[in-house]
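Structure at a glance
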Amino acid sequence: MKILRTVKELKSFRNKQTCELGFVPTMGALHQGHISLIKQSVEENPCTLVSIFVNPAQFSENEDFSTYPRKIEADLKICELANVDAVFLPKIEEIYSKAEPSLLAPSIKGYILEGYNRPGHFDGVLQVVLKLFNLVKPKYAYFGKKDAQQLFLIQNMVETFFLDIKIVPCEIIRDERGLALSSRNIYLSEVEKEKALSISKSLKIASREVMQGNLNADAIKEKMQAIMSEIQVEYIAITDRDFEKTEKIVIKNTIILVAAKVGQTRLIDNIWI
Ligand code: AMP
């Protein structure tokens, strides 16, 4: 497995590859969620490149950029065991220059929900993903449905800028009790973990309600809120797959999304109906 630390090294690696490439962008501290994306790419492509880059542009000032978990040695081992061909591990200066044009997420869909609660977050995400796409030139890029709005905005960017890349949405991986895996879960104490389970529980109950014929978004949100009474819910949203708010749930075209703070840790989760 090649470890590429500079843009020059990446370009040189890429120029030597004649086969189609699968790409998995990550911020590291890899867990089974990331690993499922990586495994899918390794299975589906002759060559897979994983990037590990904690992107400062997607964190706002009061967020956890400096303390975000970094576990490079373990991450490299995971990639090697998964038969990844190359890992791109750039320093910030490799990716960003002092003055550069910046990409803005689309005005409404980039500034609701996650974009509302984390102003500028998606501008930073799109900025780095576009740079990485241009460098890596993948045929397929793998993204988790866990970050559903991010997935939507990246798909939208690919279409808007006519990028010749196929975005592959990947299922959410959870622990045995239902908590969606996240690099930030290591911030949670045992008690907080227990409380955090109410997020996936509320989504499960929402899906059960829908299966029983309750398609009223407000009624479902109320039930979900009641289940998450011990945590600080930022939003419960029910939208269609294009992130338009929905009042009546339509099967196969709905996403139910939650963001909540458990102690100091902000968590997101969702379910695709
Ligand atoms: P991150 O390192 O948090 O930027 O995540 C890198 C990629 O892994 C993104 O496409 C995420 O959506 C995806 N991902 C993170 N957690 C999970 C999970 N629990 N299940 C599936 N994909 C995930």
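For the structure, check the block above.
Residues numbered from 1 in each chain as written. Predicted model: local features only at pLDDT ≥ 70, side-chain atom pairs only at ≥ 80, totals over all residues. Heavy atoms only, no water.

Some remarks on the sheet that holds strand β5 (residues 140–144)
One open sheet accounts for six strands, arranged β1-β4-β3-β2-β5-β6; its pairing is parallel. Unpaired on one side and paired on the other, β1 (2–4) and β6 (166–170) mark the two borders of the sheet. Strand-to-strand twist across the sheet, computed as the mean angle between neighbouring axes with direction ignored, equals 25°. The pairing of strand β3 (residues 47–52) with strand β4 (residues 86–88) spans three bridges and is classified as parallel. Residue pairing across strands places Ser-51 opposite Phe-88, the latter belonging to β4. Those strands touched by helix α1 (residues 7–16) are β1, β2 (21–26), β3 and β4, and its axis lies near 135° from that of β1. Strand contacts of helix α7 (residues 148–160): β5 and β6, with the helix running at about 170° to β6, the strand carrying the most contacts. (Pairing = 2+ DSSP bridges. Helix = DSSP H or I, 4+ residues; strand = E, 2+ residues; numbered from the N terminus. Axes fitted to C-alpha atoms, helices over the stretch in contact; angles between N-to-C directions. Contact = heavy atoms within 4.5 Å.)

Some words on the layout of surface pockets
Looking at the second largest pocket, its volume works out to about 290 Å³. The wall of the second largest pocket is formed by 17 residues, among which Ile-52, Val-54, Ile-72, Leu-89 and Pro-90 lie closest to the centre. Here the residues of the lining of the second largest pocket are counted per class, giving 11 nonpolar, one polar and five charged. (1 Å grid on protein atoms, 1.4 Å probe; cavity = no way out; pocket = protein on both sides within 12 Å on 5 of 7 lines; lining within 4 Å. Points joined across faces, edges and corners; volume = space filled by probe spheres on them. Nonpolar A, V, L, I, M, F, W, Y, C, P; charged D, E, K, R; others polar.)

The quantities given are spatial measurements derived from coordinates; they are silent on function.
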